[in-house]
Amino acid sequence: TGLRIGKLFLAVQPLLGFEGDPMGLLYGQTNQNAGPRLTPHPQYVNFYHYLQNKADAVVCLGTHGTVEWLPGQPLGNDANSWPDKLLGNLPHFYVYAGNNPAEAILAKRRAYATLVSHSIPGYSRSGLYLDLAELKEDLDEFLDSNNDPFQDVSALEQAAEKCGLLADVPLIQDKMQWARDLRTYLVQVRQRFFSTGLHVLGKIPEDEDALLEAYFAASVEDDEIRSHIIQASVDKTQVPDWQKQLNDWLHSIFSSLTNTDVSFAETLDPHLVEEAQLLRAGLRATGDELINLVEKGLNGRYVPPGPGGDVMRDGAGVLPTGRNIYALDPYRMPSKQAFVRGQKLANEIAERHRNQTGNWPETVSVSCWAMDCIKTKGESVAIAVALVGGRPVRDLGGRVVRFEPIPLEELSRPRIDVLCTLSGIFRDSFENVVLLLDDFFDSVARLDEPITLNYIRKHAITTIYDENDDNANVPSTASTAQEMETARLFSNPAGDYGSLVADAVVSGEWEDSSQLGDTWAARNAYAYGRSSKGIAKPKALDYLLSTTDLVVQELDSIEYGITDIQEYHANTGALKKAVETRRADGSQIKVALVEAITSGDERPVRDLDETLRLEYRTKLLNPKWSDMMIEQGAGGAFEISQRMTAALGWAATNGVDDFVFNQAAERYALDKEVATKLQKANPEAFKNIVSRLLEVAARGYWNASEDVLNSLRDMYNDADDAIEGIVY
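Residues numbered from 1 in each chain as written. Predicted model: local features only at pLDDT ≥ 70, side-chain atom pairs only at ≥ 80, totals over all residues. Heavy atoms only, no water.

**Student:** Summarise the overall build of the chain; cite the residues concerned and give the values.
**Tutor:** When helices and strands are counted, the chain shows 31 helices and 19 strands. In the chain, which comprises 728 residues, the proportion classed as buried is 53%. Taking as baseline every contact in the chain between residues at least 6 positions apart, the subset at least 24 positions apart corresponds to 73%. (Helix = DSSP H or I, 4+ residues; strand = E, 2+ residues; numbered from the N terminus. Buried < 20%, exposed > 50% of the residue type's maximum accessible area, 1.4 Å probe, protein only. Contact = heavy atoms within 4.5 Å.)

Structure below.
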């Protein structure tokens, strides 16, 4: 099914699977009690055969489709790989987000795609709104007029409690200090950045200054200096002659009054000004996106290459977009600077846990995803190696040839065991890193060190399972070094991708949140390394999960945080749930989230609950953000709807504060004007928003009032009738 417009055939890629389990036809063999894997259904196959027979080329718009994720060889398709069967020799152009080189490389490798990168949306500061803005004003007035530490702050306390802020800024005895801490937190919320909407392919950004402001915010703290750097970067040829003359005249007056001939701009760091100029020039070349796709690519001409990455971290080096992007040299991962940052983070995370609990963590689960590893040059790999107490050894060319253990005397703490959960793309793209990590973990487990100082050895000795015996659920102790279980790298089955948790959340086909953890564990029970190429070791994984005290996840983008896309609750959240259901005491564990967003060395580490509240206040609950999404029409409504589904996923795997759902319901459903706009722009998205709110309450994750629930039920019925075309 598609629309024919002259020589253009416009179509939507067919869905895989069926309602309730969209990937089940492909991944059925990896689900519990499921039958053998089936092929893509006839509609999907015939769609691509039609394209092979009728089209001269295919352009895939949107990050991302599904054909490159189909089963087959992960590296180098063969005749039995589904991407090869479906695409054949068809020229394939893929318009891909420039800040997502990890998944883009998969499309290039498995779907033969010539990539044409596109820019990201602009950025804006969150600001404060409604009750938060009013509370900030009250705090300013209170702090500017009082110095009494015993001053009554009950009104401020009530306002903070109403906004759900006491979890982030708990009450303390010194009320003045508490008020100052609360104001500092509100300033942090106000200063956060978010994406302003959706990008139009080939359109030059209208808000260059806002993106430059976001880029330099981390490296230039002074607002005035940052503003002057941005202004100094404006192309002189774009400034009219009269404005140049006016600037010269004002400068001469200023110089005569101050008896100096030095302008403020002349005191700026010329390297920062040059960097800003390069960024501005790169943004103004965004028109290359359409030129390289249409005029060059579809005409059989050369599409120039360029590195993929995030402008916020990599700056002008990843501009302009419209390039056939590539990633990095996997043999240099982690880079020297990435290891320095990762080692610092590993020590900070371990110390942080010790300060909170009184003990070193015995096992830390580190998520190694291709997306953040490519952008940070391997920080998550560095964190894992450093936790165990190791460092990279490089050859003369700078390539990592092995990881070696640091002596315990130098380490000054126990070697912490790690469970590395690998994304499917990381597993396929960085096989050399996987092998080096496996060699390193195995060698550390065999060191002649006391198990009180070497937790990886402690656990390797006591995790001997008969994986083929369903009744053997109790580990035995290794009698020889050869019997030790040292597998620490787990992922999906070879050639498969994804945890399937997001699909379960979307379909609603789950009863208890522990099932989501079990789904994750079943999909990630496959060990990789020198002697394991996807061998199922569910019992070894379960044991490591039962010893896990902490989960570490890097965040690599402002555009997509943990509340924006399904991958985070479907992996980080479900992993957390899998750990908690396998711990002997069933206790909850912490998730340490590392914000690796900018190019600087600063990497804030926050708890999951804190980050969830911060992101929800910045985006989903922020009228400034929601208004920008609503202005985008159907696409913006879809983005809001996706985030409501993700909120359900987080509620199930971790828990979400009531104020989030209270304010979301008030903003998107109970506000008649907003609800009307959403329903008109995208009826299905609006129905999903209301449906997810009702589901969250029905599952016991939100204590909503009965009046609110009745209103939502009525709205859902009306939305359903509108979609079905029923008119009363």
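**Student:** Account for helix α4 (residues 101-111), with residues named and values stated.
**Tutor:** With 10 of its 11 residues buried, α4 lies for the most part within the structure. Turning to α4, its buried residues are Pro101, Ala102, Glu103, Ala104, Ile105, Leu106, Ala107, Arg109, Arg110 and Ala111. Buried residues in α4 make contact with α3 (82-87), β4 (92-97), β5 (113-118), β9 (324-326), α15 (370-376) and α18 (424-429).

**Student:** Which residues make up the pairing of β5, and what values do they have?
**Tutor:** Burial analysis of β5 places 5 of its 6 residues in the buried class, which makes it a mostly covered element. Here β4 pairs with β5 via 6 bridges, running parallel. Bridge pairing in β5 links Phe93 to Thr114. In the classification by handedness, the crossover that spans β4, the intervening α4 and the parallel β5 is right-handed. (Pairing = 2+ DSSP bridges. Right-handed = clockwise from strand over helix to strand, strands pointing away.)

**Student:** Summarise a nonpolar patch on the surface; cite the residues concerned and give the values.
**Tutor:** A surface patch of nonpolar side chains, amounting to about 410 Å² of accessible area, comprises Val59, Leu61, Leu290, Val294 and Leu298. Those elements that place two or more of their residues in the nonpolar patch are β3 (58-61) and α12 (288-296). Residue placement: Leu61 occurs in strand β3. (Patch = residues over 30% accessible without salt bridge, like charges linked within 9 Å, V, L, I, M, F, W, Y side chains within 5 Å. Areas by Shrake-Rupley, 256 points an atom, 1.4 Å probe, with all protein chains shown as cover. Salt bridge = Lys/Arg side-chain N within 4 Å of Asp/Glu carboxyl O.)

**Student:** Which residues make up the environment of Ala445, and what values go with them?
**Tutor:** With respect to the helices and strands, the residue Ala445 is situated in helix α19 (residues 431-445). The exposure class assigned to Ala445 is buried, which follows from its relative accessible area of 1%. When the C-alpha positions of Ala445 and Ile461 are compared, they lie 8.2 Å apart, and in sequence the two are 16 residues distant. Ala445 has contacts with Ile456, Arg457, Ala460, Met484 and Thr486, leaving out every residue within four places of it along the chain.

**Student:** Describe a negative patch on the surface, naming the residues involved and giving the relevant values.
**Tutor:** On the surface, Glu134, Glu137, Asp138, Glu141 and Asp144 cluster together into a negatively charged patch. Within the element layout of this structure, Glu141 appears in helix α5 (residues 130-145). When its relative accessible area of 57% is taken as the criterion, Glu141 is described as exposed. (Lys, Arg positive; Asp, Glu negative; His and termini not counted. Charge placed at Lys NZ, Arg CZ, Asp CG, Glu CD.)

**Student:** Run through unusual backbone geometry, naming residues and quoting values.
**Tutor:** Here the bond from Thr63 into His64 is cis, since omega is 5 degrees, no more than 30 degrees from zero. Within the fold, His64 resides in the loop between β3 and α3. Between Met333 and the following residue, Pro334, the backbone shows a cis peptide bond with an omega angle of -5 degrees. By the element assignment, Pro334 lies in the loop between β9 and α14 (336-357). One non-glycine residue, Leu130, lies in the positive phi region at around 45 degrees. Inspection of the secondary structure assignment puts Leu130 in helix α5.

**Student:** Residue-level account of the pairing of β3, with values.
**Tutor:** Along β3, the buried face is formed by Val58 and Cys60; none of Val59 and Leu61, which line the opposite face, is buried. The sheet contact formed by β3 and β4 spans 4 bridges and is parallel. By the bridge assignment, Val59 is partnered in β4 with Phe93. As for the winding sense of the linkage, the β-α-β connection from β3 through α3 to β4 is right-handed.

**Student:** Could you give an account of the packing of aromatic side chains, naming the residues involved and the relevant values?
**Tutor:** In this description, an aromatic ring pair is defined by two values, namely the gap between the centres and the angle between the planes. In this structure the tally under the stated criterion is 11 aromatic pairs. The interplanar angle of 90 degrees and the centroid separation of 5.3 Å between the aromatic rings of Phe47 and Tyr48 together place this pair among those described as edge-to-face. Comparing Phe47 with Tyr48 shows no difference in burial state: the two are buried. Measuring from ring centre to ring centre gives 5.8 Å for Phe440 and Phe441, while their planes differ by 45 degrees; the resulting arrangement is tilted. Note on accessibility: Phe440 and Phe441 belong to one class, buried. For the cation-ring pair, Lys85 lies above Trp82, with the distance from its terminal atom to the ring centre recorded as 5.7 Å. Above the plane of the ring of Trp510 lies Arg699, whose end atom (NZ or CZ) is 3.6 Å from the centre. (Phe/Tyr/Trp six-rings, centres within 6.5 Å; stacked < 30°, edge-to-face > 60°. Lys NZ or Arg CZ within 6 Å of the ring centre and 35° of its normal.)

**Student:** Describe the confidence of the model for the chain, listing the residues and the values that go with them.
**Tutor:** Residues of the chain with pLDDT of at least 70 account for 88%, and the chain-wide mean is 87. Mean pLDDT values over the elements of the chain span from 52, in helix α1 (residues 24-27), up to 98, in strand β13 (residues 417-422). Contacts of residues 27-36 to residues separated by more than four positions or lying in other chains number 18 contacts, the stretch itself having pLDDT below 50. (pLDDT = per-residue confidence, 0-100.)

**Student:** How would you sum up the sheet that holds strand β19 (residues 605-607)? Please name residues and give values.
**Tutor:** If you trace the 8 strands from one edge of the open sheet to the other, you get β16-β15-β14-β13-β10-β17-β18-β19, paired in mixed fashion. Looking at which strands have only one partner, the edges of the open sheet turn out to be β16 (533-536) and β19. The mean inter-strand angle of the sheet, taken between neighbouring strand axes irrespective of direction, is 30 degrees. Here 6 bridges tie strand β10 (residues 363-368) to β13, and the two strands are oriented parallel to one another. Of the residues in β13, the one forming a bridge with Ser367 is Thr421. (Axes fitted to C-alpha atoms, helices over the stretch in contact; angles between N-to-C directions.)

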